[in-house]
Amino acid sequence: MKTNASKQTVLNAIENVNKEHGYELQLNRNDQSGKWFNFTLKTRSKIPGARVSYSGRNLASASWHAHGYVFGEIFKLEPDCVIWSNGKKLKSGFTWDDTNIGSLMQPCYYSETSIL
């Protein structure tokens with residue numbers, strides 16, 4: 001993901017979401033490239049805010065819900081910023097799309113893999 005919001009805004013958003021939801025999110029990738037701050041989110045596996053794969057394996061990655069909460073918080077802190085995620089340009093007031101990560105025979109959506 002990348003955003004034109006500042007690194008400090010992203011860090012503050014993660015901190016706010018962690019406090020509000022009891023998550024342990026942190027930055028995995030975090031680098032600046034011109035005006036864009038590139039980042040990915042991680043957490044420990046098997047805890048709230050983490051996710052499982054479509055096959056049920058525990059991952060040390062942030063869940064679909066956690067990403068949505070962080071994006072919403074970033075837009076609260078910097079309403080005019082832009083976030084690029086999954087090839088989509090998100091602006092304040094975005095609609096979070098759920099995507100099938102399974103197959104046609106066994107559909108599984110991101111929202112179904114969240115550990116809440």
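Above this note sits the structure.
Given the structure is predicted, the values throughout are model-derived calculations rather than measurements.

Draft legend 1. Spotlight on the pattern of salt bridges. What the rule picks out here adds up to five salt bridges. Its salt-bridge partner being Glu73, residue Lys76 comes within 3.6 Å of it at the nearest N-O pair. In this pair, Lys76 and Glu73 are both assigned in helix H2 (residues 64-77), three residues apart and thus about one turn of the helix distant. We classify Lys76 as exposed; its relative accessible area is 61%.

Draft legend 2. Local environment of unusual backbone geometry. The phi angle at Lys46 is positive, at roughly 70°, despite the residue not being glycine. Summarising the element assignment, Lys46 is placed in the loop between strand S3 (36-42) and strand S4 (50-52). A residue is classified by how much of its surface remains accessible, and Lys46, at 62% relative accessible area, is exposed. We note that Asn86 has phi near 55°; this positive angle belongs to a residue other than glycine. Along the chain, Asn86 turns up in the loop between strand S6 (83-85) and strand S7 (88-90). Take Asn86: its relative accessible area is 63%, and that puts it in the exposed class.

Draft legend 3. Local environment of the packing of aromatic side chains. Under the definition given, this model contains seven aromatic pairs. Measuring from centroid to centroid gives 6.3 Å for Tyr23 and Tyr69, while their planes differ by 35°, and the two rings are tilted. Taken together, the positions of Tyr23 in the loop between helix H1 (7-21) and strand S2 (26-33) and Tyr69 in helix H2 put the pair 46 residues apart, joining distant regions of the chain. Among the residues examined, Tyr69 registers a relative accessible area of 33% and is labelled partly exposed. Between Phe94 and Trp96, the ring centres sit 5.6 Å apart and the planes meet at 80°, which makes this aromatic pair edge-to-face. Members of the aromatic cluster, each reached through a chain of ring pairs, are Trp64, Phe71, Phe75, Phe94 and Trp96.

About the cut-offs
- Residues numbered from 1 in each chain as written.
- Predicted model: local features only at pLDDT ≥ 70, side-chain atom pairs only at ≥ 80, totals over all residues.
- Heavy atoms only, no water.
- Salt bridge = Lys/Arg side-chain N within 4 Å of Asp/Glu carboxyl O.
- Helix = DSSP H or I, 4+ residues; strand = E, 2+ residues; numbered from the N terminus.
- Buried < 20%, exposed > 50% of the residue type's maximum accessible area, 1.4 Å probe, protein only.
- Phe/Tyr/Trp six-rings, centres within 6.5 Å; stacked < 30°, edge-to-face > 60°.

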